Amino acid sequence: MLPTVSDMKTTGTMCLAILSALILTVGSPASATTIDDKLSNRLAAYIVTPLPTGVDQKGDYAMAVLKLWDARTGPEQTAATTFVDQLCDAQNPLPVTGSNDVVTVWFQIPQLARMLLDPAMSSHLTGTNVTNIRRVLWQFINPRCKLTEANGTVWLTRYGENKSVIEKATCLMGSMALAPAGDGYDGTLTDGGTIAAHVTAWKGHFYEYFRQRGREGLMCEVADGYNGITGGIWAIVRDMMDPAIGNEPELQDLADKALDVFWADYATDFSPQTHIRAIAGSRYYKSSIDAVGADPLRSLTYAYEWHAQSTPPSPALSNWMVSGYRPPLVGAEDIIKNVATDDDRPSYLSTSRRLGRGVAGGTLQFGANHTSDVLRNLWVTRNYAIGGLTLRTDGTPYMDSGGASLDRVAGLVFSSDTQPGQRVVFYGSGDATGEDYDPANPQTWVGKREINSVSGESCLVAGRDPQSTHPFVKLFIASGEPDDNRDEKWGWIFTKTTGAHDDVFVAIRLCEGAYTEIPTNGSGGPSGNALLFADSTAPVVIEVATSAQYPGETGFEDFKEDCNWNWALHPTFFGHPAYDPATNKVDYQSLAGDHYEFWSNSATLPRKNGADINLNPTRTYDSPYVTGDHGRDFVTIGDGTNSAILDFNYTRAARRDDYQTLALWHMETITAGKVTDDDAEVAGRNRDLTLVNGPTLVTDTDSNSYRTAMFGKSLNLDGVNDSASAGSWPSLDNMVIDFWFKPDRDVGFNQTLVSASNVWEFRLEGTNIRFFTWDAASAVRSVTATGAGTKNVWHHIHAEVSNVAGTMTMTVDGVPQLPSSGANMKAGTGTIEVGFKTGSNPTRYFDGKIDDLKIRRWTDQ
């Protein structure tokens, strides 16, 4: 039986006490003292002798010294402040366009912003440091940062993912750093916006940015070394939202949750023996497919106590090491560490939809219901992990880093603590010679859309992507046991390795057979052999088993025989050959019983077990340790025993449009008697709110601890006869509703807040808030927040209905109410009304303010 994470949704039957306990514990420091000590230890490794000369090293050196100031020597402190000035003076002025291709200190600019913003660091800066950092930040944000982009889509991905988030984060933190009056930078930016307006707008941008990462998937640079840069910027943003700095604790909490999901996903295929995650990703350099060191996060996972190998820290990991982020606890359990360090996990399939569909240098672009069309599948065992990426092959554009390229890898990583580089990797060549590595320029061999794959239990089928125009595909076999134990017979390449628990047997079928063997020199020197396929359209099939499945002295030979007979007798067993060279199609029944169909020279989507691969499953993450429904705001992480729900809802910033939205009214302007539907994401939806009897928009400056001044205006209703309506409610099986309200009275009679007549309604009954739904028989059920609707105070409501689960829930001011289960909400229509429900008692008009009303579907239905 596979370990399971309890699928605890706020719309399910979980009791309020358990839910509250789980949410409260998430984000607590995990083993704080030892993790803190190890982070400081690895951070100190950046403080080197002789002094560094590169900008990356100088930035990390300065960050480390400023963080560890009291423990460092005077010469080290002087070197750090000198490096700050050198970084600032590397270019004066900064180029006004471009990223790291023209801006020498692109990756160091967020570090400089943090040094200035963080009181613990800025107190050690010299006056010249402060002046120089302010100048650099102004030169960066003034021509680049635009309110239209801050208030626009969070999917803008200029230059590539890690470089783009640097730009966004610097727009936020640079504005924050230059916000104080009298610093010489009190004017407006080139786009006409004030610095204060940019601070507000970019905070709002990151609220939605982190929410969407939980819903849609984390990064389009899939499971590779660049994640360390992107995640490190998330950590800086997280830290600068501290109440003493940026005063956005809820945004800090959202960043924590995004980082939690990142690490939980990372741990899902992390090997306790090799201290790295599995091979199955994008934007891998050809020179590093062989290298354990291509995963830069090992020094960080050491600090998080996942292993005992204190490797030198990679560039930019100082951003993580100075951060206050710590992995979450549930009770006393570090649940992510428990997953990562469990070297005896039962085998399981880990499936996740990834970001990647989009246009180079522009935005991530989605299809209907935000289809991304990048699927990562891994079969994870205690002895090995095998898997890859599956993508559409019909011309769908993809991006990973500023060019229309996904330098994909698929393959097999063995769990060996004595030979951690053991692996078999299928990849493509972006160069006409088929070479992998140019010591003078490793980016020479960056290719485009080279391979595609389909994988499952113990099996991988891969080949050239038909969109590729590059002539070579290759298979890397690492030095050591994978290469030493090679045995070629019957058209197969067999090999075996000594596993952490069981030996691993591998069978590799190059479907066309012919190849040229090229000794491979990776970034660390000779590393193995690359088999360069003579026919670039020839797919490869990889089968894997263990000595537990094939025991005894003849186990490896028995495995070989099974693979050979399965292939040779395929026409007899299954009525067709395993590979058809005329169509370049694999039609293969694996030893585990899965049926794979894969075309390496056709736009036909790969198939598994008789169906097209579903590149957009209902869950963004689906493994025993991380689960999350696509498009929902909740992700569950756990270790098989303890689990926690990460809730990506937020209240301190205005809600934004998303692809599931049916209507969104920010109540900022009235045009021709209507409040316009804010349809930024779904342009042309135009579900405008028609005002009845002249309600007005007002600015209400009163706020509580989580409603801030950034909300602006709200709809003011007089409680006598005015209201608003928005046409007919579209019949749905599910919905999510968010809105703010502030009652001017809470007397004993009822007031309707929002309704769709006799389908659903939110009502204020004295000070009680009730959420009603009607079923097909017109029977009513409800959820009540007792005493939660007091007058003269802003309140926030988040409510959900799921006819799939037969549940309805409501959270008021962040407090979940006991859910209700029962008959489904009826599939009816009715007029959406704000402040009244037609046909009800005239006293039901609402007296007060309503704002930021958002209605959306619950899932992709």
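This report concerns the structure included in the present document. Position labels on residues start from 1 in each chain and follow its written sequence. Thresholds applied to this predicted model are a pLDDT of at least 70 for local features of residues and 80 or more for the giving and counting of side-chain atom pairs; totals over whole chains, interfaces and linings are not thresholded and use all residues. Computation of side-chain values covers all heavy atoms of the structure but excludes hydrogens and water.

Overview of the packing of aromatic side chains
So, step 1. Ring pairs shown here join Phe, Tyr and Trp side chains whose ring centres sit within 6.5 Å, with only the six-membered ring taken for Trp; geometry is labelled stacked below 30 degrees between planes, edge-to-face above 60, and tilted in between. Scanning the entire structure with this criterion turns up 41 aromatic pairs.
So, step 2. Three or more aromatic residues link up through ring pairs in this structure, and these residues are F262, W263, Y266, F270, Y304, W306 and W320.
So, step 3. Stacked on the ring of W490, the Lys or Arg K489 has its end atom at 4.4 Å from the ring centre.
So, step 4. Remark: a charge is flagged as sitting over a ring if the NZ atom of Lys or the CZ atom of Arg is within 6 Å of the ring centre and within 35 degrees of the ring normal. Lying over the aromatic face of W794, R707 brings its terminal NZ or CZ to 3.8 Å of the ring centre.

Quick look at the sheet that holds strand β9 (residues 451-456)
So, step 1. One bridge is not enough; two strands pair if DSSP finds at least two bridges between them. Strands here mean DSSP runs of E at least two residues long; helices mean DSSP runs of H or I at least four residues long; both are numbered from the N terminus. Sheet architecture is open: six strands sit in the order β9-β10-β17-β14-β13-β12, paired in antiparallel fashion. In the strand order of this sheet, the two ends are held by β9 and β12 (487-489), each with one partner. In this sheet, adjacent strand axes meet at a mean angle of 20° when their direction is disregarded.
So, step 2. Two strands pair when backbone bridges link them, and strand β14 (residues 504-510) and strand β17 (residues 540-546) are joined in this way by seven bridges, in the antiparallel orientation. The residue of β17 that forms the bridge with R509 is V541.
So, step 3. Any two residues whose heavy atoms approach within 4.5 Å are treated as being in contact. For helices, the fitted line uses only the C-alpha atoms of the stretch in contact; every axis is such a line through C-alpha atoms, and the angle between N-to-C directions lies from 0 to 180 degrees. Across the sheet, helix α17 (residues 555-568) lies against β12, β13 (492-497), β14 and β17, angled at about 150° from β13, the strand it touches most.

A word on the side chain of N227
So, step 1. In this fold, N227 is placed in helix α11 (residues 227-240).
So, step 2. Under this definition, polar contacts are N or O atom pairs within 3.5 Å; protein pairs additionally need one hydrogen-donor-capable and one acceptor-capable atom, and for neighbouring residues in sequence, both atoms have to be side-chain atoms. Side-chain polar atoms of N227 contact the backbone oxygen of E221, separated by 2.7 Å.
So, step 3. With sequence-adjacent residues up to four places away left out, N227 is seen in contact with M219, E221, V222, G232, F262, R277 and W320.

As for helix α3 (residues 55-67)
So, step 1. One less than the residue count of a helix, multiplied by 1.5 Å, gives the span that helix is expected to have. Across its 13 residues, α3 extends 18 Å between first and last C-alpha, which sits within 8% of the 18 Å expected from 1.5 Å per residue.
So, step 2. Among the residues making up α3, those that are buried are K58, G59, D60, Y61, A62, M63, A64, V65 and L66. Only protein chains enter the area calculation, which uses a 1.4 Å probe; residues under 20% of their type maximum are buried, those over 50% are exposed, and those in between are partly exposed.

Brief notes about the nonpolar core
So, step 1. Core analysis: the biggest nonpolar cluster contains 122 residues, and M115, F210 and W263 have the highest contact counts within it.
So, step 2. Here this core gets 11 residues from one element, more than from any other, and that element is helix α12 (residues 249-268).
So, step 3. Grouping buried Ala, Val, Leu, Ile, Met, Phe, Trp, Tyr and Cys residues that are joined through side-chain atoms within 4.5 Å yields what is termed a nonpolar core. Ranked by size, the runner-up nonpolar core spans 43 residues in total, among them F741, A785, M810 and L853.

Description of α11
So, step 1. With 14 residues, α11 should cover 20 Å at 1.5 Å per step; its first-to-last C-alpha distance of 20 Å lies within 8% of that length.
So, step 2. Here α11 lies mainly inside the structure; 14 of its 14 residues are buried.

What to know about the state of the cysteines
Formally, a disulfide is one covalent bond, and it connects the sulfur atom of one cysteine to the sulfur atom of another.
So, step 1. What counts as a disulfide here is a pair of cysteine sulfur atoms lying within 2.5 Å. Counted under the stated rule, the structure contains one disulfide.
So, step 2. Paired through a disulfide, C145 and C171 show a sulfur-sulfur distance of 2.1 Å. Residues C145 and C171 share a disulfide whose torsion about the S-S bond is about -90°; that sign makes it left-handed. With C145 in the loop between α7 (127-144) and α8 (147-150) and C171 in helix α9 (residues 161-178), the pair connects residues that are 26 residues apart, well separated along the chain.
So, step 3. On the accessibility criterion, C171 (2% relative accessible area) is buried.
So, step 4. Not engaged in a disulfide, the cysteine C88 finds its nearest cysteine sulfur in C145; these two sulfurs lie 17 Å apart.
So, step 5. Looking at the unpaired C511, the closest cysteine sulfur is the one in C459, lying at 11 Å.

Brief notes about the pattern of salt bridges
Pairing between side chains becomes possible if they bear opposite charge and their charged atoms approach one another.
So, step 1. We define a salt bridge as a contact between a side-chain nitrogen of Lys or Arg and a carboxyl oxygen of Asp or Glu at a distance within 4 Å. This structure, assessed with the given rule, holds 54 salt bridges.
So, step 2. Notably, a salt bridge pairs R652 with E248, separated by 3.2 Å at the nearest N-O pair. Within this pair, whereas R652 is found in the loop between β26 (643-647) and β27 (661-665), its partner E248 is found in the loop between α11 and α12, the two being separated by 404 residues in sequence.
So, step 3. The exposure class assigned to E248 is buried, which follows from its relative accessible area of 5%.
So, step 4. For R376, the salt bridge goes to D269, with nearest N and O atoms at 3.1 Å. Pair noted here: R376 is in strand β5 (residues 374-380) and D269 is in the loop between α12 and β1 (280-281), with a separation of 107 residues, a long-range link.
So, step 5. By relative accessible area, D269 is classed as buried at 4%.
So, step 6. Through salt bridges with shared partners, one network takes in E208, R211, R215, D633, D658, K854 and R856.

Remarks on the sheet that holds strand β21 (residues 607-608)
So, step 1. Strand order in this open sheet of five strands is β18-β19-β20-β21-β22, and the pairing throughout is antiparallel. Every other strand in the sheet has two partners, leaving β18 (579-580) and β22 (611-612) as the edge strands with one partner each.

Structural notes on the packing of α7 against α9
Each pair of packed helices can be described by the angle between their axes along with the distance between the axes.
So, step 1. Running from amino to carboxyl end, α7 crosses α9 at an angle of 125°, the nearest separation of the two axes being 9 Å. Regarding the angle of α7 to α9, the classification is oblique. Between α7 and α9 the crossing geometry is left-handed. Contacts between α7 and α9 involve R134, L137, W138, F140, I141 and R144 from the former and E167, T170, C171, G174, S175, A177 and L178 from the latter. Reported orientations rely on four angle classes, namely roughly parallel under 35 degrees, roughly antiparallel over 145, roughly perpendicular from 65 to 115, and oblique for the rest. Should the near helix be turned counterclockwise from the far one by less than a right angle, the crossing is left-handed, whereas a clockwise turn marks it as right-handed.

Things to note about the packing of α9 against α11
So, step 1. Remark: α9 packs on α11, axes separated minimally by 9 Å, with the N-to-C direction vectors making an angle of 15°. Relative to α11, the element α9 is oriented roughly parallel. For the crossing formed where α9 meets α11, the hand is left-handed. Together, E161, N162, V165, I166, A169, L172, M173 and M176 of α9 and I229, T230, I233, W234, I236, V237 and M240 of α11 make up the contact between the two elements.
So, step 2. Residues were grouped as follows: Ala, Val, Leu, Ile, Met, Phe, Trp, Tyr, Cys and Pro as nonpolar; Asp, Glu, Lys and Arg as charged; and all remaining residues, including Gly, as polar. Looking at the contact of α9 with α11, its residues break down into 12 nonpolar, two polar and one charged.

Things to note about the pairing of strand β33 (residues 723-728)
So, step 1. Bridge count for strand β30 (residues 689-692) against β33 is three bridges, and the pairing is antiparallel. Opposite T690, over in β33, you have S725 as the bridge partner.
So, step 2. As defined by bridge partners, β33 adjoins strand β43 (residues 831-834) across three bridges and the pair is classed as antiparallel. Residue A724 lies in a different strand from β43, and its bridge partner there is V834.

Observations concerning unusual backbone geometry
So, step 1. Here the residue pair T49 and P50 is connected by a cis peptide bond, since its omega of 0° sits within 30 degrees of zero.
So, step 2. Its location among the elements puts P50 in the loop between α2 (32-44) and α3.
So, step 3. One non-glycine residue, W490, adopts positive backbone phi at about 60°.
So, step 4. Secondary-structure assignment places W490 in the loop between β12 and β13.
So, step 5. Unlike most non-glycine residues, M667 shows phi in positive territory, near 60°.

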